[in-house]
Amino acid sequence: MKVVFAVVLASIVPLIGAQVPHWGPCPEPEVQPAFNLKQFMGRWFEIAKLPAQFEKGRCIETNFTLKTDKLIRVVSSEILKAQLRKIEGAGVIEDMKNPAKLGISYSYVLPYSPYWIVSTDYVNSALVYSCTDILRLFHVDFAWILGRTRTLPEATVAKAMEIFAKNGIDVSRMIPSKQKDCDKTV
C-alpha cells in the first residue's frame, strides 16, 4: 500500500507545481442556476486568479465558441516574454441537467478538467472554479474572476471573492491578473 501511495504521489507532484494542496475533498460550490451556454460564449479576460503554474504571462484571455450543442472550442492566450502564446482546447457540457459544470481539456491525452461556472451575469463578469481530488485525501483547486473587459470595478471583484468564500473556496491567495499594455504590438 505504501508503494502505491508513493507512486501516486510521485506522479501528481509535477501536476500541482505551484499549486497549494488543501486537505480533504474538493468543495462542492453552487453553480450558476439556469446557465445559458450560448450567452456565456465569447471573449473573457482574466481579472484575478488563484496562482496557476500553467499561467505565467500577462494579458490572459480565453475565447469560447460553440461548435455543437455540447462541444465548445476554447482558445486561451497570454503574452509571455514579449511573445503571444495561444493554446486551443475543447470544452464539453458534462451533464446536460447541470450545464454550468463544464469540462475543459487542452490535450487529447488528458481527461477533461472541471470548469464550473459558479456565477455570471454574461455581460460583465463570471466566476469559474476547478478542483481535482487526489484520493479524497487532498485537493488542488483553481479559481478565476473573468470580465468581458480587461478591468472590473473593485466592488465587483470584492463581491466575487465573497461568493467564492461563501461556497467554501479559499481565495486568500487570489492575485490580480496583469492586464496592462495588452494592446501594444508584441
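Everything below is about the structure shown above.
Here the structure is a predicted model, which is why all the values come from computation and not from measurement.

A. Structural context of the side chain of T62. Position of T62 relative to the elements: it lies in strand β3 (residues 58-66). A polar side-chain atom of T62 sits 2.9 Å from a polar atom in the side chain of S76. Ignoring anything within four residues of it in the chain, the contact list for T62 reads G42, R43, W44, V74, V75 and S76.

B. Local environment of the pattern of salt bridges. Applying the stated criterion across every chain, the model contains six salt bridges. Across the pair E46 and K49 runs a salt bridge whose closest N-O atoms are separated by 3.4 Å. Neither residue differs from the other here; E46 and K49 are each classed as buried. A single salt-bridge network, built from bridges that share partners, covers R43, E61 and R150.

C. Expanded view of the packing of aromatic side chains. Considering all chains together, one arrives at eight aromatic pairs under this definition. Taking 5.9 Å as the distance between ring centres and 35° as the angle between the ring planes, the aromatic pair formed by Y115 and W144 counts as tilted. Of this pair, Y115 sits in strand β7 (residues 113-120) while W144 sits in strand β9 (residues 138-147), and the two are 29 residues apart along the sequence. The pair Y115 / W144 is uniform in exposure class, with both members buried.

D. Representation of the pairing of β7 within the structure. One ladder, built from four bridges, connects strand β6 (residues 101-105) with β7; its direction is antiparallel. For K101, the partnering residue across the bridge sits in β7 and is W116. Inspection of the sheet shows β7 paired to strand β8 (residues 125-134) by four bridges, in the antiparallel sense. Its bridge partner being in β8, T120 is matched across the sheet by A126. Between β7 and β8, which follow one another and run antiparallel, lie four residues, and Y122 among them has a positive phi close to 70°.

E. Structural view of the environment of V171. Among the secondary structure elements, V171 is positioned in the loop between α3 (154-166) and β10 (175-176). For V171 and K49, which are 122 residues apart along the polypeptide, the C-alpha to C-alpha distance reads 8.6 Å. Among all residues touching V171, those that are not within four sequence positions of it are L50, M161 and F164.

The rules behind these values
Residues numbered from 1 in each chain as written. Predicted model: local features only at pLDDT ≥ 70, side-chain atom pairs only at ≥ 80, totals over all residues. Heavy atoms only, no water. Helix = DSSP H or I, 4+ residues; strand = E, 2+ residues; numbered from the N terminus. Polar contact = N/O pair within 3.5 Å; in protein donor to acceptor, adjacent residues only side chain to side chain. Contact = heavy atoms within 4.5 Å. Salt bridge = Lys/Arg side-chain N within 4 Å of Asp/Glu carboxyl O. Buried < 20%, exposed > 50% of the residue type's maximum accessible area, 1.4 Å probe, protein only. Phe/Tyr/Trp six-rings, centres within 6.5 Å; stacked < 30°, edge-to-face > 60°. Pairing = 2+ DSSP bridges.

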